[in-house]
Amino acid sequence: MNLEHMLKEVLVSEGAVCRFMEPMSSHTTFRIGGPAEAYVCPGNEEELGKVICLCREHDIPWSVLGNGSNLLVSDRGIKGVVIAMEGNWCYAGAEGSVIRAGAGELLGRVARVALDHCLTGMEFAAGIPGSVGGALVMNAGAYGSEIKNILKSARVMTNEGEVLELSVDELELGYRTSCIPGRGYTVLEASFQLEPGDGAAIEARMKELAARRREKQPLEYPSAGSTFKRPQGYFAGKLIEDAGLRGYGMGGARVSEKHCGFVINGGNATASDVMALCGHIRKTVLEQSGVELEMEVKRWGEF
């Protein structure tokens, strides 16, 4: 039985999605990427477990996709199964001062739920373009705070289909890291512990941070956010600017003139363009400052 038949036998619930040779450029904020061999969205936890077990038993590679906001997919596409956490995985609701949110829900929408219930602590996340699951994987952060500071617990699924409830400590959240990818976990849901606050003050803070983002980040162009991790004692954008690379381009990819820490899709950029540009940036910065930049953007497929 081929992959298509196996997946269609498993994905039978309402809300389940199963497509083939799906262009990943439609599912990343970079707007770049070749086709996924199979693109699926399980309708519930049971189906998710079955898809993961099917892939494991038949030695089929699989990847879990959130909002695609910190991701570069190869021009050749990606083999195996992309499991998209969309549809039924997108929800958020408050229970007292705790917000429960599905892995596929956008952080901005969760922050809006917090605002609607006058809960403070999540203002920093309102403008982060990622999903809840992706935010846990990367311990997303901005403006002096990070997911680790507000996370209460998370429900994850192991590669064997077992569901675990993990504490913040058990997730081993660090600077843009967690134990989730290394242990093969798939995030199902997160609970955020917030505090009662003043609705007007919360909204004002969100508007202030949104204005700062619009002013300093190239939101008008497709990108994957900050391209490089912050080196110890430095800022990646400043190192890139000091190396004379503001606005520098290769193919359709270029360094943002507004914020040098962003590589943007300036028009019809390919993944190869982005990787060539990032390689040039790393080489030039190392030569100029002696600092080796590490990419923050995840890469799928062959480069």
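In the annotation of an unreviewed UniProt entry, the protein is listed under the name UDP-N-acetylenolpyruvoylglucosamine reductase and assigned to Enterocloster bolteae 90A9. The Function (unreviewed entry) comment attached to the protein in UniProt states, word for word, "Cell wall formation."

> It is not clear to me how the overall build of the protein should be interpreted in this structure. Could you clarify?
Within the protein one finds 8 helices and 18 strands. When each of the 303 residues of the protein is scored for burial, the buried share is 49%. Taking all contacts inside the protein whose residues are at least 6 apart in sequence as the whole, residues at least 24 apart take part in 65%. Placing the 31 positive and 39 negative side-chain charges of the protein at their respective mean positions leaves the two points 6 Å apart.

> I'm lost on the pairing of strand β11 (residues 151-157) in this one. Help?
Along any regular strand the residues' side chains alternate between the sheet's two faces. Most of β11 sits out of view: 5 of its 7 residues are buried. Both β11 and strand β13 (residues 186-193) contribute to a ladder of 6 bridges, which runs antiparallel. Note that in β13 the partner of Met-157 across the bridge is Thr-186. Bridge count between β11 and strand β12 (residues 163-167): 5 bridges; the pairing is antiparallel. The residue bridging Met-157 from the neighbouring strand is Val-163, located in β12.

> Could you clarify how one ought to interpret the UniProt feature "domain: FAD-binding PCMH-type" (unreviewed entry) in the protein in this entry?
Mapped onto the present numbering, the UniProt feature "domain: FAD-binding PCMH-type" (unreviewed entry) falls on residues 32-197. In the segment residues 32-197, helix accounts for 20% and strand for 35%; the C-alpha atoms at its two ends are 40 Å apart.

> Can you walk me through the UniProt feature "active site" (unreviewed entry) in the protein in this structure?
The UniProt entry lists Arg-176, Ser-226 and Glu-296 under the feature "active site" (unreviewed entry), expressed in the numbering used here. Spatially, the listed residues are clustered: although they cover 121 residues, their C-alpha atoms lie within 11.5 Å of one another. Mapped onto the elements of the fold, Arg-176 is located in the loop between α5 (168-171) and β13. A distance of 3.2 Å separates the side chain of Arg-176 from the backbone oxygen of Gly-141, its partner in a polar contact. Following the sequence through the fold, Glu-296 ends up in the loop between α8 (271-289) and β18 (298-300). When its relative accessible area of 11% is taken as the criterion, Glu-296 is described as buried. Excluding anything up to four places from it in sequence, Glu-296 contacts Asn-70, Met-138, Tyr-175, Arg-176, Ser-226, Thr-227, Phe-228 and Lys-229.

> What is the right way to look at the packing of aromatic side chains in this model?
How two aromatic rings sit relative to each other is set out by the distance from centre to centre and by the angle between their planes. Throughout the structure, instances matching the rule amount to 0 aromatic pairs. Here the basic side chain of Arg-254 rests over the ring of Tyr-221, its NZ or CZ set 5.0 Å away from the ring centre.

> Whenever I open this one, the sheet that holds strand β2 (residues 35-41) confuses me. Can you help?
In any sheet, the strands associate via hydrogen bonds between backbone groups, in a parallel or an antiparallel arrangement. One open sheet holds the 4 strands; their spatial order is β1-β2-β5-β3, and the pairing between them is mixed. Taken across any chain shown, the strands that pair with only one partner, and hence form the sheet edges, are β1 (17-23) and β3 (62-65). Across the sheet, the mean angle separating the axes of adjacent strands is 30° when strand polarity is ignored. In the packing of helix α1 (residues 3-10) onto the sheet, contacts are made with β1, β2 and β5 (78-84), and the angle to β1 comes to roughly 145°. Seen against the sheet, helix α2 (residues 45-57) touches β2, β3 and β5 and runs at an angle of roughly 165° to β5.

> I tried to follow helix α3 (residues 107-116) on my own but got confused; where do I start?
Residues three or four positions apart in an α-helix share a direction because the helix packs 3.6 residues into each turn. Every buried residue belonging to α3 is among Leu-107, Val-110, Ala-111, Val-113, Ala-114 and Leu-115, and all of these are buried. Taken from the residues just after α3, Cys-118 is the one with a positive phi, measuring 55°.

> It is not clear to me how the packing of α1 against α2 should be interpreted in this structure. Could you clarify?
To characterise two packed helices, one gives the angle between the axes of the helices and the distance between these axes. Packing of α1 against α2 brings their axes to within 10 Å, and their N-to-C directions diverge by 155°. Comparing the axis directions of α1 and α2 gives the class roughly antiparallel. α1 and α2 meet at a crossing whose hand is right-handed. Side by side, α1 and α2 meet where Leu-3, Met-6, Leu-7 and Val-10 of the first sit next to Glu-47, Lys-50, Val-51 and Leu-54 of the second. When its residues are assigned to classes, the contact of α1 with α2 shows 6 nonpolar, no polar and 2 charged.

> When you look at the nonpolar core in this model, what are you seeing that I'm missing?
Generally speaking, a soluble globular protein has its nonpolar side chains buried in company with each other. Core analysis: the largest hydrophobic core is formed by 68 residues, its most contacted members being Val-81, Met-122, Leu-136 and Phe-192. Here this core spans two domains, and each of domain 1 (1-85) and domain 2 (89-214) adds at least three residues to it. Every residue in contact with Met-122, bar those within four places of it in the chain, is listed here: Leu-107, Val-110, Ala-111, Ala-114, Ile-150, Phe-192 and Leu-194. Formed by 25 residues, the second largest nonpolar core is a distinct cluster that contains Ala-253, Ala-271, Val-291 and Leu-293.

Reading the values: rules and limits
- Residues numbered from 1 in each chain as written.
- Predicted model: local features only at pLDDT ≥ 70, side-chain atom pairs only at ≥ 80, totals over all residues.
- Heavy atoms only, no water.
- UniProt positions renumbered as here; feature names shortened; annotations may be inferred.
- Helix = DSSP H or I, 4+ residues; strand = E, 2+ residues; numbered from the N terminus.
- Buried < 20%, exposed > 50% of the residue type's maximum accessible area, 1.4 Å probe, protein only.
- Contact = heavy atoms within 4.5 Å.
- Lys, Arg positive; Asp, Glu negative; His and termini not counted.
- Charge placed at Lys NZ, Arg CZ, Asp CG, Glu CD.
- Pairing = 2+ DSSP bridges.
- Polar contact = N/O pair within 3.5 Å; in protein donor to acceptor, adjacent residues only side chain to side chain.
- Phe/Tyr/Trp six-rings, centres within 6.5 Å; stacked < 30°, edge-to-face > 60°.
- Lys NZ or Arg CZ within 6 Å of the ring centre and 35° of its normal.
- Axes fitted to C-alpha atoms, helices over the stretch in contact; angles between N-to-C directions.
- Parallel < 35°, antiparallel > 145°, perpendicular 65-115°, else oblique.
- Left-handed = near helix turned anticlockwise from the far one by under 90°.
- Nonpolar A, V, L, I, M, F, W, Y, C, P; charged D, E, K, R; others polar.
- Core = buried A, V, L, I, M, F, W, Y, C linked by side-chain atoms within 4.5 Å.
- Domains from an automatic or database assignment.

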